Amino acid sequence: MTRRAVCPGSYDPVTAGHVDVLRRAAGLFDEVIVAILHNPAKTGTFTIDERIGYIEDEVADLPGVRVEAFANRLLVDVCTEVGATAIVKGLRGGTDFAYEMPMALMNRHLTGVETLFLPGDPRFEHVSSSLVKEVARFGGDVTGLVSDAVRDALIERLPRPGEVLGDGRPVG
Ligand code: PNS
């Protein structure tokens with residue numbers, strides 16, 4: 001029997017922490033589906049196609065890994081659809097644990113699908129898509145935390161003089 005897992009997330013954009021988890025999941029399962037899903041609490045920065053492309057670049061050497069986006073779908077339904085018996089996620093620490101546990105329990109409640117947590121590599125403890133975007137947006141160097149392609153795309157999106165701040169005042 002093919003052992004198949006889903007690694008779900010917003011991946012907006014994929015970070016070095018995500019890639020570490022994807023690679024480790026690929027070593028544990030025959031097939032890994034990287035599922036880009038909608039998180040209602042987040043607004044997107046990158047398009048779905050951009051996110052898919054950035055992840056595909058990172059996992060191109062892993063034959064058992066494929067990347068797909070699933071619109072308007074519960075994660076558990078995606079797992080059923082692709083025939084996955086497990087969800088794999090990385091855990092960076094206590095805050096992640098508090099955020100992930102209710103989702104893991106809810107997903108098990110809904111269909112019985114199990115969630116496996118991999119301890120995040122301490123080198124990427126501080127790395128999240130949101131923090132990387134914030135740092136890059138204001139000119140900080142995010143080299144090594146995301147691919148060079150993602151870093152360059154983030155630099156492209158730095159606020160330009162004349163762009164309006166949240167309070168209506170122009171930047172610069
Ligand atoms: O990378 P994120 O944003 O932490 O990932 C969260 C995500 C996208 C996996 C979660 O929001 C999700 O599963 N969304 C799909 C809809 C769903 O199943 N919601 C109920 C979760 S118990």
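In what follows, the structure referred to is the one given above.
Residues numbered from 1 in each chain as written. Predicted model: local features only at pLDDT ≥ 70, side-chain atom pairs only at ≥ 80, totals over all residues. Heavy atoms only, no water.

1. What about the nonpolar core?
Moving on, step 1. Core analysis: the largest hydrophobic core is formed by 33 residues, its most contacted members being Tyr 11, Val 34, Ile 55 and Val 88.
Moving on, step 2. Here Ile 55 is in contact with Tyr 11, Val 14, Leu 22, Val 34, Ile 36 and Val 67, once residues within four sequence places are set aside.
Moving on, step 3. If you look at the next biggest cluster of nonpolar residues, it comprises 13 residues, including Phe 70, Val 82, Ala 84 and Ile 87. (Core = buried A, V, L, I, M, F, W, Y, C linked by side-chain atoms within 4.5 Å. Buried < 20%, exposed > 50% of the residue type's maximum accessible area, 1.4 Å probe, protein only. Contact = heavy atoms within 4.5 Å.)

2. As for the pattern of salt bridges
Moving on, step 1. For the coordinates displayed, the defined rule picks out 14 salt bridges.
Moving on, step 2. Salt-bridge contacts for Arg 23 lead to Asp 61; the nearest nitrogen and oxygen are separated by 2.8 Å. Here Arg 23, found in helix α1 (residues 16-28), pairs with Asp 61, found in the loop between α2 (48-59) and β3 (65-69); they are 38 residues apart in sequence, far enough to count as distant.
Moving on, step 3. For the salt bridge of Arg 73 with Glu 81, the shortest nitrogen-to-oxygen distance reads 2.5 Å.
Moving on, step 4. Accessibility expressed as a relative area gives 51% for Glu 81, which makes it exposed.
Moving on, step 5. Through salt bridges that share partners, Asp 12, Arg 51 and Lys 133 make up one connected network. (Salt bridge = Lys/Arg side-chain N within 4 Å of Asp/Glu carboxyl O. Helix = DSSP H or I, 4+ residues; strand = E, 2+ residues; numbered from the N terminus.)

3. What to know about the packing of helix α3 (residues 75-82) against helix α4 (residues 94-111)
Moving on, step 1. The N-to-C vectors of α3 and α4 enclose an angle of 55°; their axes lie 9 Å apart at closest approach. The orientation of α3 relative to α4 falls into the category oblique. Between α3 and α4 lies a crossing of right-handed hand. For the pair α3 and α4, the contacting residues are Leu 75, Val 76 and Thr 80 in the first and Asn 107, Leu 110 and Thr 111 in the second.
Moving on, step 2. Grouping the constituent residues of the contact of α3 with α4 by class yields three nonpolar, three polar and no charged. (Axes fitted to C-alpha atoms, helices over the stretch in contact; angles between N-to-C directions. Parallel < 35°, antiparallel > 145°, perpendicular 65-115°, else oblique. Left-handed = near helix turned anticlockwise from the far one by under 90°. Nonpolar A, V, L, I, M, F, W, Y, C, P; charged D, E, K, R; others polar.)

4. Digging into the pairing of β3
Consecutive side chains along a regular strand alternate between the two faces of the sheet.
Moving on, step 1. Bridging between strand β2 (residues 31-36) and β3 involves five bridges; their strand directions are parallel. Residue pairing for β3: Val 34 is matched across the bridge by Val 67. (Pairing = 2+ DSSP bridges.)

5. Remarks on helix α6 (residues 148-156)
Within an α-helix, residues lying three or four positions from one another point in the same direction, as the helix has 3.6 residues per turn.
Moving on, step 1. Where α6 is concerned, the buried positions are Val 150, Arg 151, Ala 153 and Leu 154. Seen along its axis, α6 keeps its buried residues to an arc of 165°; they face one direction.
Moving on, step 2. Buried residues in α6 make contact with α2 and α5 (129-137). (Arc of directions from axis to C-beta.)

6. What about the sheet that holds β2?
Moving on, step 1. Taken together, five strands build an open sheet; the order of strands is β3-β2-β1-β4-β5 and the sheet is parallel. The open sheet has two edge strands, β3 and β5 (114-119), and neither has a second partner. Pairwise comparison of adjacent strand axes, ignoring direction, gives a mean angle of 30° for this sheet.
Moving on, step 2. The pairing of strand β1 (residues 4-9) with β2 spans six bridges and is classified as parallel. Across the sheet, Pro 8 pairs through a bridge with Ala 35, a residue of β2.
Moving on, step 3. Where α1 meets the sheet, its contacts fall on β1, β2, β3, β4 (86-91) and β5, and the angle it forms with β5 comes to roughly 120°.
Moving on, step 4. Strands β2 and β3 of the sheet are contacted by α2, whose axis makes an angle of about 175° with β3.

These results come straight from atomic positions and should not be treated as a statement about function.
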